[in-house]
Structures are given as C-alpha cells and as structure tokens.
Amino acid sequence: MASPRSDKRQRQSEPTTLLSLGDDMLAEILCRLPSLPSLARAAFACPRLRDVASSVANRTRFMSPAPLLGYFISVVGGAIPSFHRSLLLPDRDVLGIVRRGDFCLADLEAYDWRLMDCRQGLLLLTSDRCMAVFDPVSSSRLRIPHYTSNGGGKSSFHCFLPASGDAASFRVLCLESTGGGRVRPHVYSSCTGEWCSHSLAPKGIKAPRRGDPHSNHYLPMHAGGRIYWRTNAEMLTSLHVGSMEFSHVGLPGEVHHSSSYALGDTEDGTTCIVSVSTKYLKKFDIRVWFLKEEDGSPWERQWRVDASELDLSAGPVTPSKMLKVYDVTAGIVLLSMGYRNNGIRYLAFRLKDTLWESTTKTKTNTKRQSLILADFCTSSGWVQPCFMAWPRPSLKAADSTENASTSGSEQEAAGSNKKKQV
C-alpha cells in the first residue's frame, strides 16, 4: 500500500494541462486573445472552453463588430442554399472558422429547404415537413415542427426574433393569416421549446407575400428591436419584438415608387434606410436616412453620394445595370444589378467607406477594390448575409441533456408542438 507521502509526490509530478486549470484561470487566458474571432476559434476546441468563453465577463472585452463571413442564397425550387464567402475576411482566425464549418450545408437532408432568415450566425430553413435552425460553424441543427393552427389559418412568414435577455437562445416568429383577413403572431422560444400565440394584430396589418425571387420585398428587415416588411409604395409595417405590437411607418418623402431601398442598421445599431434613386436616369444617388425618435417626420436624411462617380465594380455604375439596394445589415450594403444571361450580380460594401471615397474623390484602384466585401452572381433566389456572432445560441432541445453543438449533431425540439396563449 502506497504511503500518503508517495501519493502526494505523484500528484505533484503530474503535468499541468490547460483543461486542468480552473474556470477563472481559463477566463484570464482567453481574455488575452487579440480579437473576437480568435476567442471564438479557441472556444470551439472543446465544450468547456466554449462555456467559459461564452460567459458575460469574457464577452465585455471584445466589443468589435461581428465580421461578415459571406452570403447564403436560397435557390428557387428547393435546392440546398449555396454560400459565397466574403472577399475580405479580416484575419486567419475568421478564415479558419469558415474552413472548419459546414457552409456548404452538406449535413442537411435533401429536403426542399427554403432559406427564410439568417441572424446570430444561424440559418432558419423551412420545408413542407418541418423547420430547422442550422449553425454552419458547429454543423449543429435543431428541428422545429411547424406551428399548426386550430382555426385553419395559413402560416406564410417566418423569421428570427432577437433573443430577450439571453444571447445563448433564439426565437422564431411565425405570422399566421387567419380566415378573417387578420394576422396573428406566434413565437417559438428555444428556452422553452414551445410555440407561444399572441393577440391578433389590428385591422389593416397584412403579412408579407412571397414575390419575385429576384426581389427582396418578401424578406424581413431587422433593425432597432423591430421587424419591418413592405406594405405598399409609401408604407412599412413594423413589429416591436418586445411588446409584440404592430404599427405602420411611413417612408421618407424622397423615396418614391421608382426608388430602390432597404431598411437596416448601421455599425452602431442606428436604424436607417439606404436608397438608390434613378429619377434623373443619368445620375444615381445613394441616400441615407436615420430613424428619429421625435414626433413628426420619423426620418432625417444624413448624406447623399453620387453613385455614378463610384467604381464599385469592374466599370462605372450606369443606369443600364438596373442598380438596386438589396440589404443593409450592420452598415454593410448589398447592391444588386442586372448581369449577363439574365443573371443578377451582387456587390457588398461598407457604407462608411463609400462616404469616405466620395468626399476624398480618390481615384486609386486600390481604394476602389477595398470597398468590395463580396462580389458574386446568381440566377435566382433570396440572399441573406451571415455574420460571425458570439456568443452563439445553443441548438440544444429544451428538455435534452445531450450536447447539441458537437459537429454533425442533430436535435429534435421535443415539446415544441405545445402552445400557450398570451
């Protein structure tokens, strides 16, 4: 029988590994990493590091904006969405995250998936059988049964809602069009694994309708804790995700029926509208408005840039290219324009970089090329930006004890067909 002294000597001779340290010591090590992407990459080494890195104390130091990883395209006809990587990934840590992830969605079954939304680094996919939330970084997914209405209503619109107070969770919005022409919102929460039904929207509130696959009119627009969608040529419909109250929001007076625009947010989270005007045919203006809190006109124009002087692509922007604003997220604008063989070309750039170039009147090719964050072509489909969010919401079923974030894992949202009324 070994003596207590020999046991003590054996313990002292055992090597100290990273995982043998306490959580406080691990947190100190992770806090010394140079950037948010390096923290995220280290966190995926094992579940314990991921838990420590996701703590609030470690997130406060990394307040830089989440980098754009690329764009997902939902192909019309039900094929697996495709991914186009950003041209300017900021560092090798972000590049490593993209390389190790499943951005080709190879682990998804061959269902007729339609990409409805992409927020917090997660994809919201829907098919006739079910819905699925997919994390391309960890290759994990969670199946969610469709909301089934007892009144025979039709659910035609789905998108993510910002998580309420818990960045490790997610919520999904479903808008049901009832038989009486009214709209009722239903919300699925990953915390409870249940659908929650809310009160009917006031009369006059309409759910968005699926439209042209080349158009963004059907897509939700996220900004300032609200979900927006187009109602008509002069009006937007807004849903406050906290109070679940609907309202109408008028457009700026300079945005008319021939203008192309998108609502989104800037890098600091300010709600904005970016519009391209072709009113004078030979001149393209990129105009930006910020949403004001004061009464009266809700929009205030901030700046105007002559887009015809910007060289965002291989050649100058001309009216013949049918330039349109497709998306605005975190200050990154996605433009679409007509391309050869009836295709659509997409260009992404930072709004602040475009403003800087227009004021300095630089003509160097280096600066022009640095504007472009993404450049890709497609024949059809809806386009969604994908950012590297951290911390990443958990895709573990509400009553499951298994770890759902392991590569290739899948969870069934047990209890998600339960409903409660609010």
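Scope of this entry: the structure provided in the associated data block. (Residues numbered from 1 in each chain as written. Predicted model: local features only at pLDDT ≥ 70, side-chain atom pairs only at ≥ 80, totals over all residues. Heavy atoms only, no water.)

**Looking at empty space enclosed by the protein**
Enumeration over the complete set of coordinates arrives at 3 cavities of 30 Å³ or more. Put simply, the largest cavity is a space of about 160 Å³. Residue lining of the largest cavity: 18 residues in total, with Pro-220, Met-221, Asp-327, Thr-329 and Gln-384 positioned closest to the centre. When residues of the lining of the largest cavity are traced back to their parent elements, those giving at least two are strand 3 (114-119), strand 11 (221-223), strand 15 (260-265), strand 19 (324-329) and strand 23 (382-387). With 4 residues, the top contributor of residues to the lining of the largest cavity is strand 19. Its residues assigned to classes, the lining of the largest cavity comprises 10 nonpolar, 5 polar and 3 charged. (1 Å grid on protein atoms, 1.4 Å probe; cavity = no way out; pocket = protein on both sides within 12 Å on 5 of 7 lines; lining within 4 Å. Points joined across faces, edges and corners; volume = space filled by probe spheres on them. Helix = DSSP H or I, 4+ residues; strand = E, 2+ residues; numbered from the N terminus. Nonpolar A, V, L, I, M, F, W, Y, C, P; charged D, E, K, R; others polar.)

**A closer look at helix 2 (residues 23-31)**
Those residues of helix 2 that sit buried are Leu-26, Ala-27, Leu-30 and Cys-31. Summarising the axial view, the buried residues of helix 2 lie within an arc of 135 degrees, below the 170-degree limit, and thus occupy one face. (Buried < 20%, exposed > 50% of the residue type's maximum accessible area, 1.4 Å probe, protein only. Arc of directions from axis to C-beta.)

**Considering the pairing of strand 3**
Looking at chain direction, strand 3 and strand 4 (residues 122-126) are connected through 5 bridges and run antiparallel. Its bridge partner lying in strand 4, Arg-114 is registered against Thr-126. (Pairing = 2+ DSSP bridges.)

**Quick notes on the pattern of salt bridges**
Applying the stated rule across the entire model yields 8 salt bridges. Across the pair Arg-301 and Glu-254 runs a salt bridge, and its minimum N-O distance is 2.7 Å. In this pair, Arg-301 is assigned in strand 18 (residues 299-306) and Glu-254 in the loop between strand 14 (246-250) and strand 15, connecting sequence segments 47 residues apart. Using a relative accessible area of 37% as the deciding quantity, one classes Arg-301 as partly exposed. (Salt bridge = Lys/Arg side-chain N within 4 Å of Asp/Glu carboxyl O.)

**Some thoughts on the environment of Pro-145**
Turning to its location among the elements, Pro-145 is positioned in the loop between strand 6 (140-144) and strand 7 (154-161). For Pro-145, a relative accessible area of 23% puts it in the partly exposed group. C-alpha of Pro-145 to C-alpha of Thr-126: the two residues are 19 residues apart in sequence and 9.7 Å apart in space.

**Quick look at the sheet that holds strand 15**
Across a sheet, strands are paired by hydrogen bonds formed along the backbone, either parallel or antiparallel in direction. What the 4 strands build is an open sheet, ordered 15-16-17-18; its pairing is antiparallel. Edge positions in the sheet fall to strand 15 and strand 18, since each has one partner strand and no second. Taking the axes of each pair of neighbouring strands and ignoring which way they run, one obtains an average angle of 20 degrees across the sheet. In the sheet, strand 16 (residues 271-277) pairs with strand 17 (residues 285-291) via 6 bridges, with the strands oriented antiparallel. Looking at the pairing, Ser-277 lines up with Asp-285 of strand 17. (Axes fitted to C-alpha atoms, helices over the stretch in contact; angles between N-to-C directions.)

**Observations concerning the environment of Tyr-188**
The residue Tyr-188 is located in strand 9 (residues 183-189) in this model. The class of Tyr-188 is buried, set by a relative accessible area of 1%. Distance from Tyr-188 to Val-172, taken between C-alpha atoms, is 5.0 Å for residues 16 residues apart in sequence.

**A short note on the sheet that holds strand 13 (residues 235-240)**
With antiparallel pairing, the 4 strands of this open sheet are ordered in space as 11-12-13-14. Edge strands, defined here as strands with exactly one partner in the open sheet, are strand 11 and strand 14. Mean inter-strand twist for the sheet, computed between neighbouring axes without regard to direction, equals 35 degrees. Across 6 bridges, the pairing between strand 12 (residues 226-232) and strand 13 is antiparallel. Bridge pairing links Arg-226 to His-240 in strand 13.

**Focus on helix 6 (residues 92-100)**
Taken residue by residue, helix 6 has Asp-93, Val-94, Leu-95, Gly-96, Ile-97 and Val-98 as its buried positions. On its buried face, helix 6 is in contact with helix 3 (36-43), strand 1 (68-74) and strand 2 (82-85). (Contact = heavy atoms within 4.5 Å.)

**Considerations on unusual backbone geometry**
In most cases, non-glycine residues show a negative phi, while peptide bonds are predominantly trans. Positive phi, close to 60 degrees, is recorded for Ser-139, a residue that is not glycine. Inspection of the secondary structure assignment puts Ser-139 in the loop between strand 5 (131-135) and strand 6. By relative accessible area, Ser-139 is classed as buried at 5%.

**Things to note about the nonpolar core**
The biggest cluster of nonpolar side chains holds 48 residues, and the ones touching the most others in it are Tyr-71, Phe-170, Val-172 and Leu-173. With residues near it in sequence (within four places) discarded, Val-172 still touches Leu-124, Met-131, Ile-144, Cys-159, Phe-160, His-186, Val-187, Tyr-188 and Trp-195. Of all hydrophobic cores here, the second largest spans 35 residues; its members include Ala-40, Ala-53, Leu-105 and Ala-132. (Core = buried A, V, L, I, M, F, W, Y, C linked by side-chain atoms within 4.5 Å.)

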